[in-house]
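Observations on the model geometry
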Amino acid sequence: QMQLVESGGGLVQPGGSLRLSCAASGRIFSINTMGWYRQAPGKERELVARISSSGDTNYADSVKGRLTISRDDAKNTGYLQMTSLKPEDTAVYYCNAEVLYIHTSWQDERTLKYLEVWGQGTLVTVSS
C-alpha cells in the first residue's frame, strides 16, 4: 500500500539541529505537493512547510529562516532541515504528500489517480 515512512526525530538541546526524512513507497508515478505539519500537546495541527513539484516553498512565519524543506524526487523522499531549534518547536511532526499513483481497475485498465498520504508522525523534543 501507499505509505510515508518518517525518520530523524529525537531529543535535541535548544539551538541544536535535526533533519527529518520522509520516504514514500508504493506504485508511485510522481509526487505533487509535499509538506510537513506539527502538533504540540494541547494544540491543533499546523502547517510548518510545504514544497511543490516545481520547487516553490511556503513556510509558517514562526519557522522562517530556521527550517528548510526540500525534496529528492529520484528517491521519492522529502526532508525538513531544522536548525536553531527552540523549546516551542517541540511537537509531533507529520509528513504529508499528494501522490500520483498507478490504479488498476477491475477491467485491468491502468489509470493515474491522486492520493493524499500521511506519515505516522515523529516526535521532536527540544529541551535542555
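Before going into details, it helps to say that this report is about the structure given with it.

1. Things to note about the pattern of salt bridges
- One pass over the structure, following the stated rule, counts 5 salt bridges.
- Put simply, D89 and R38 hold a salt bridge, and the shortest N to O gap is 3.0 Å. Of this pair, D89 sits in the loop between β8 (77-82) and β9 (91-104) while R38 is found in strand β4 (residues 28-39), placing the two residues 51 residues apart along the sequence.
- Relative accessible area serves as the criterion here: at 1%, D89 is assigned to the buried category.
- A residue is classified by how much of its surface remains accessible, and R38, at 7% relative accessible area, is buried.
- Where D89 meets R66, a salt bridge forms, and the shortest distance between an N and an O atom there is 2.7 Å. Placement of D89 in the loop between β8 and β9 and of R66 in the loop between β6 (57-59) and β7 (67-72) is noted, with a sequence separation of 23 residues between them.
- The class of R66 is buried, set by a relative accessible area of 10%.

2. Regarding the sheet that holds β7
- In spatial order, the strands read β1-β3-β8-β7; together these 4 strands make up an open sheet with antiparallel pairing. Sheet topology places β1 (3-7) and β7 at the edges, where each strand pairs with a single neighbour. Within this sheet the neighbouring strands show an average axis-to-axis angle of 15°, counted without direction.
- The pairing of β1 with strand β3 (residues 18-25) spans 5 bridges and is classified as antiparallel.

3. Points about the nonpolar core
- In this structure, W36, V48, L80, M82, Y93 and V99 are the most contacted members of the largest nonpolar core, which totals 32 residues.
- Among the elements of the structure, β3, β4, β5 (46-51), β7, β8, β9 and β11 (122-126) are those that each provide at least two residues to this core.
- When residues in this core are grouped by element, the largest group, 6 residues, is from β9.

Rules used throughout
- Residues numbered from 1 in each chain as written.
- Predicted model: local features only at pLDDT ≥ 70, side-chain atom pairs only at ≥ 80, totals over all residues.
- Heavy atoms only, no water.
- Salt bridge = Lys/Arg side-chain N within 4 Å of Asp/Glu carboxyl O.
- Helix = DSSP H or I, 4+ residues; strand = E, 2+ residues; numbered from the N terminus.
- Buried < 20%, exposed > 50% of the residue type's maximum accessible area, 1.4 Å probe, protein only.
- Pairing = 2+ DSSP bridges.
- Axes fitted to C-alpha atoms, helices over the stretch in contact; angles between N-to-C directions.
- Core = buried A, V, L, I, M, F, W, Y, C linked by side-chain atoms within 4.5 Å.

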